[in-house]
Amino acid sequence: MNYRHHYHAGNAADVFKHALLVALISGMQRKEKGFLYLDTHAGRGAYELEETMRLANGRERAPEWPAGIGKLWTEQAGSLVPFLEIIRRFNRNRGGPDERPAWYPGSPWIAAELARPVDRLALCELREDDADALAVELSLRPNVSTRVMDGYTAVRALLPPPEKRALVLIDPPYESAGEFPDILSALGEGLRRLPGGVFAVWYPVTERARTDRFQRDYLALKPPPTLVVELRIAGESSELRMKGCGLLIVNPPWKIEADLLGLARAVASRLGVDADAGASAFWLVPES
Ligand code: SAM
C-alpha cells in the first residue's frame, strides 16, 4: 500500500469531504439518541502541513493544501465557518499560528471534536503506524476505539451497533481497481445489517464514465434513498487528473440536501480552477 494521506491533507477534496462531514454529524445529532461513527479508512487523524514531503524516489512533492484550506483560512462569514472554526481550533491546539494553517485534522479528530457523550467512535486503519498515531492522537477522548483493521471487514464486524444508529464514513485511497467492488460489497453487507444506517462514501471524479459506472452498479443493490453531492473544481478538458469528487450518502439525515449543496457550492466558488467549476446534488435513489 503506497497511499499516504499526508500529501493530500487539507486539499480541495479534504475540505469538501470534511465540510460535509461536519454537516452530516450535526444532522445525526438532531436526534437525542446516540450513534456509532464508524470511520472505515481513518488515516492518522492529524497532519503537519509543513513537514517536508519526500517521495520514495527522493524527490520532493509540492503540498496540496495551499489550493485547499490555504485559500479559505481567513474566511469569517458564510456556510463554511462552522467547519473552518473546527480546523482553526485544531491548528491552534497544536501550536500553529493564527494567520496560516500549519496543522490539519483528519476525519476522526473532527468527529471526536463534535461527538456528544452519547455518541461513540470506531476508527479503523490498515497501516499500523498510522493507526498507532491515531490512537495516541485521540487517547484522551472518551468513547473512542481505534483498530488496525481492514475497513470493509469492520462494516461486517461492527454493524449493527447496540445504538441501532450509525454514520459510516467510507473514504478509501482508490489505489486498486478493486476499490469500487469492495465498497459495493461492504455497502450491501452494511445495509443488510443496518438498513437505516447512514453511509457516506467519498469518491474521486477522474473520468466521468468511471463514476457513472459506480453509481449504476450501486443501484443493483436496490438501496434505500441515496443523495449524491459532487464538487467540480475543473472541467473535462482540464489537465488535472482529479477534476472533482463526490459523496454518495445512503439514508441521509432529513432535509440535509440544501445544506450540503450550499457547502459544496461554497467550496467550488473558492477552490474551482476554471469556469466549469461548480457543484451539484441529486437523488440517485429518490426519497419515497
Ligand atoms: N478518512 C481520512 C480523513 O478524512 O482524514 C483519510 C483517509 S485516507 C483517504 C485513506 C486511508 O485508508 C489511508 O490512511 C490508508 O492507509 C487507509 N487504508 C487503505 N486501505 C485500507 C483498508 N482496506 N482498510 C482500512 N484502512 C485502509
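Structural data are supplied above this passage.
Residues numbered from 1 in each chain as written. Predicted model: local features only at pLDDT ≥ 70, side-chain atom pairs only at ≥ 80, totals over all residues. Heavy atoms only, no water.

1. Some points on the site of the ligand
Then comes step 1: Contacts to the ligand come from 20 residues, most closely from His-18, Glu-125, Asp-150, Gly-151 and Asp-171.
Then comes step 2: Taking His-41, its main chain carries an N or O atom lying 2.9 Å from a nitrogen atom of the ligand.
Then comes step 3: Leu-126 is positioned with one of its backbone polar atoms (N or O) 3.2 Å from a nitrogen atom of the ligand.
Then comes step 4: The protein chains hide 96% of the 610 Å² of surface that the ligand would expose on its own.
Then comes step 5: Of the residues assigned to the shell around the ligand, the class counts are six nonpolar, eight polar and six charged. (Near = heavy atom within 4 Å. Polar contact = N/O pair within 3.5 Å; in protein donor to acceptor, adjacent residues only side chain to side chain. Areas by Shrake-Rupley, 256 points an atom, 1.4 Å probe, with all protein chains shown as cover. Nonpolar A, V, L, I, M, F, W, Y, C, P; charged D, E, K, R; others polar.)

2. Brief notes about the sheet that holds strand β6 (residues 166–170)
Then comes step 1: Taken in spatial order, the eight strands make up an open sheet running β5-β4-β1-β6-β7-β9-β8-β10, and their pairing is mixed. Taken across any chain shown, the strands that pair with only one partner, and hence form the sheet edges, are β5 (144–148) and β10 (278–285). Geometrically, the sheet is characterised by an average inter-axis angle of 15° between neighbouring strands, direction not taken into account.
Then comes step 2: Here four bridges tie strand β1 (residues 36–39) to β6, and the two strands are oriented parallel to one another. Counterpart to Tyr-37 in the pairing with β6 is Leu-167. (Pairing = 2+ DSSP bridges. Helix = DSSP H or I, 4+ residues; strand = E, 2+ residues; numbered from the N terminus. Axes fitted to C-alpha atoms, helices over the stretch in contact; angles between N-to-C directions.)

3. Section: the packing of aromatic side chains
Then comes step 1: For the structure on display, the rule yields five aromatic pairs.
Then comes step 2: Ring centres of Phe-90 and Trp-109 lie 4.6 Å apart, and the angle between their planes is 65°; on these two criteria the pair is classed as edge-to-face. Highlighted residues: Phe-90 in helix α3 (residues 81–93) and Trp-109 in helix α4 (residues 107–114), separated in sequence by 19 residues.
Then comes step 3: Classification of Trp-109 as buried rests on a relative accessible area of 4%.
Then comes step 4: Taking the centre distance of 5.9 Å and the plane angle of 65° together, the rings of Tyr-174 and Trp-202 count as edge-to-face. Of the two residues, Tyr-174 is situated in the loop between β6 and α7 (179–193) and Trp-202 in strand β7 (residues 198–205); the sequence distance between them amounts to 28 residues. Like Tyr-174, the residue Trp-202 is buried in the burial classification.
Then comes step 5: An aromatic cluster is built from Tyr-174, Phe-180, Trp-202, Tyr-203 and Phe-214, whose rings are joined through pairwise contacts. (Phe/Tyr/Trp six-rings, centres within 6.5 Å; stacked < 30°, edge-to-face > 60°. Buried < 20%, exposed > 50% of the residue type's maximum accessible area, 1.4 Å probe, protein only.)

4. Observations regarding the pattern of salt bridges
Then comes step 1: Per the stated rule, a full pass over the model turns up 17 salt bridges.
Then comes step 2: Taking the shortest distance from any N to any O, the salt bridge between Arg-208 and Glu-230 comes out at 2.7 Å. Pair noted here: Arg-208 is in helix α8 (residues 208–219) and Glu-230 is in strand β8 (residues 226–232), with a separation of 22 residues, a long-range link.
Then comes step 3: Looking at Glu-230, the relative accessible area reads 8%, which means it is buried. (Salt bridge = Lys/Arg side-chain N within 4 Å of Asp/Glu carboxyl O.)

5. A short note on the environment of Pro-66
Then comes step 1: The topology assignment puts Pro-66 in the loop between β2 (46–48) and α2 (69–72).
Then comes step 2: A relative accessible area of 40% places Pro-66 in the partly exposed class.
Then comes step 3: Expressed as a C-alpha distance, the spacing of Pro-66 and Leu-38, which sit 28 residues apart in the sequence, is 29 Å.

6. Some thoughts on the nonpolar core
Then comes step 1: Ranked by size, the top nonpolar core spans 94 residues in total, and within it Phe-16, Leu-38, Ile-69 and Leu-260 carry the most contacts.
Then comes step 2: Sort the elements by how many residues they give to this core and helix α1 (residues 12–28) lands first, with twelve residues.
Then comes step 3: Leave out the neighbours within four places in its chain, and Phe-16 touches Trp-202, Val-229, Glu-230, Leu-231, Cys-245, Gly-246, Leu-247, Ala-264 and Val-267. (Core = buried A, V, L, I, M, F, W, Y, C linked by side-chain atoms within 4.5 Å. Contact = heavy atoms within 4.5 Å.)

7. Quick look at the environment of Ala-46
Then comes step 1: Structurally, Ala-46 is set in strand β2.
Then comes step 2: Here the alpha-carbon distance between Ala-46 and Arg-30, two residues 16 residues apart in the chain, equals 27 Å.
Then comes step 3: Setting aside residues up to four positions removed in sequence, Ala-46 forms contacts with Phe-90, Arg-94, Tyr-104, Gly-106 and Glu-137.

8. Here we look at the side chain of Arg-165
Then comes step 1: Here Arg-165 shows up in the loop between α6 (151–158) and β6.
Then comes step 2: Of the side chains with opposite charge, Asp-119 comes closest to the buried, unpaired Arg-165, at an N-O distance of 5.8 Å.
Then comes step 3: A distance of 2.5 Å separates a polar atom in the side chain of Arg-165 from the backbone oxygen of Lys-33.
Then comes step 4: In contact with Arg-165, not counting residues within four places along its chain, are Met-28, Lys-31, Lys-33, Gly-34, Phe-35, Leu-36, Arg-116 and Leu-194. (Lys, Arg positive; Asp, Glu negative; His and termini not counted.)

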